[in-house]
Amino acid sequence: MLHQLIYVSKMTTPMPDEDIKSIVESGKYNNHKGYLTGCLIYSNECFMEYIEGDIFKLNHLFSKISGDHRHKEILLLGLKEISHRLYNNYTLKKYSDHFNDFPQSVLDEMKPSEYDPFPMSMELAME
Ligand SMILES: Cc1cc2nc3c(=O)[nH]c(=O)nc-3n(C[C@H](O)[C@H](O)[C@H](O)COP(=O)(O)O)c2cc1C
């Protein structure tokens, strides 16, 4: 069963680009193995990640991500069944600097503003 999952979190401490690069590189490798696809955006010391794939693999990954001390206040915004992937060609596409880089297609799907976890970031995300 194909599902999509989206969460937001805050960096535990400000992270240099190399550390984020290493999360993305190993994430790409692992996601490829589990045929998980999606994207990670970071801005203003916050993360937002959108991942899609098999529900059991998503669940397993999210439990690992939830226990990762590099970030905190991890908030699951949504988990739902989908009929097709938005990120078929990306195991973990990285967006940086601006939440408004976050793809509109994902925002439309998940409507994260309804949850408003980090008002400033979400406001930017919806711009
Ligand atoms: C913001 C953030 C996003 C992450 N995204 C992924 C991801 O998409 N895929 C992944 O395998 N690991 C991701 N990780 C790393 C996992 O938390 C975990 O360290 C990784 O899955 C390795 O687990 P393992 O070596 O115990 O199997 C992410 C970590 C952080 C902090």
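Residues numbered from 1 in each chain as written. Predicted model: local features only at pLDDT ≥ 70, side-chain atom pairs only at ≥ 80, totals over all residues.

Draft legend 1. The arrangement of the overall build of the protein in detail. A tally of regular secondary structure across the protein gives four helices and five strands. Helices and strands appear in the protein in the N-to-C order β-α-β-β-α-β-β-α-α. Counting over 127 residues, the protein shows a buried share of 31%. Restricting to contacts in the protein with at least 6 residues of sequence separation, those with at least 24 account for 75%. (Helix = DSSP H or I, 4+ residues; strand = E, 2+ residues; numbered from the N terminus. Buried ≥ 20, exposed ≤ 12 C-beta atoms within 10 Å, placed from the backbone. Contact = placed C-beta atoms within 7 Å.)

Draft legend 2. Quick look at the environment of leucine 40. Here leucine 40 lies in strand S2 (residues 37-43). For leucine 40, a count of 19 C-beta atoms within 10 Å translates into the label partly exposed. Residues in contact with leucine 40, not counting those within four places in the same chain, are Val24, Gly27, Phe47, Glu49, Leu92 and Lys94.

Draft legend 3. Quick peek at the nonpolar core. In this structure, Val8 and Ile51 are the most contacted members of the largest nonpolar core, which totals 19 residues. Within the residue set of this core, elements represented by two or more residues are strand S1 (2-11), S2, strand S3 (46-54) and helix H2 (55-66). Sort the elements by how many residues they give to this core and S3 lands first, with five residues. (Core = buried A, V, L, I, M, F, W, Y, C linked by C-beta atoms within 7 Å.)

Draft legend 4. Helix H1 (residues 17-33), seen in detail. Relative to the 24 Å expected for 17 residues at 1.5 Å per residue, H1 spans 24 Å between its end C-alpha atoms, a close match to the ideal helical length. Considering only its buried residues, H1 is in contact with S2. Count one or two residues on from H1 and you reach tyrosine 35, which has phi positive near 45°. (Expected span 1.5 Å × (residues − 1).)

Draft legend 5. Looking closely at H2. An ideal rise of 1.5 Å per residue puts 16 Å on twelve residues; H2 measures up with 16 Å between its terminal C-alpha atoms. All of the buried residues along H2 are Leu58, Leu61 and Ile65. Buried residues of H2, viewed axially, fall in a sector of 70°; they line one side. Facing away from the buried side of H2 by more than 90 degrees, the exposed set consists of Phe56, Asn59, Ser63, Lys64 and Ser66. On its buried face, H2 sits against S1, S3 and strand S4 (71-81). (Arc of directions from axis to C-beta.)

Draft legend 6. Looking closely at the site of the ligand. Taken together, 15 residues form the shell around the ligand, and within it Gly27, Asn30, Phe47, Asp68 and Arg70 come nearest. At four residues, H1 tops the list of elements feeding residues into the shell around the ligand. (Near = placed C-beta within 6 Å.)

Draft legend 7. Representation of the environment of asparagine 59 within the structure. In this structure, asparagine 59 sits in helix H2. Using a count of 12 C-beta atoms within 10 Å as the deciding quantity, one classes asparagine 59 as exposed. Between the C-alpha atoms of asparagine 59 and histidine 3, which are 56 residues apart in sequence, the distance is 10.0 Å.

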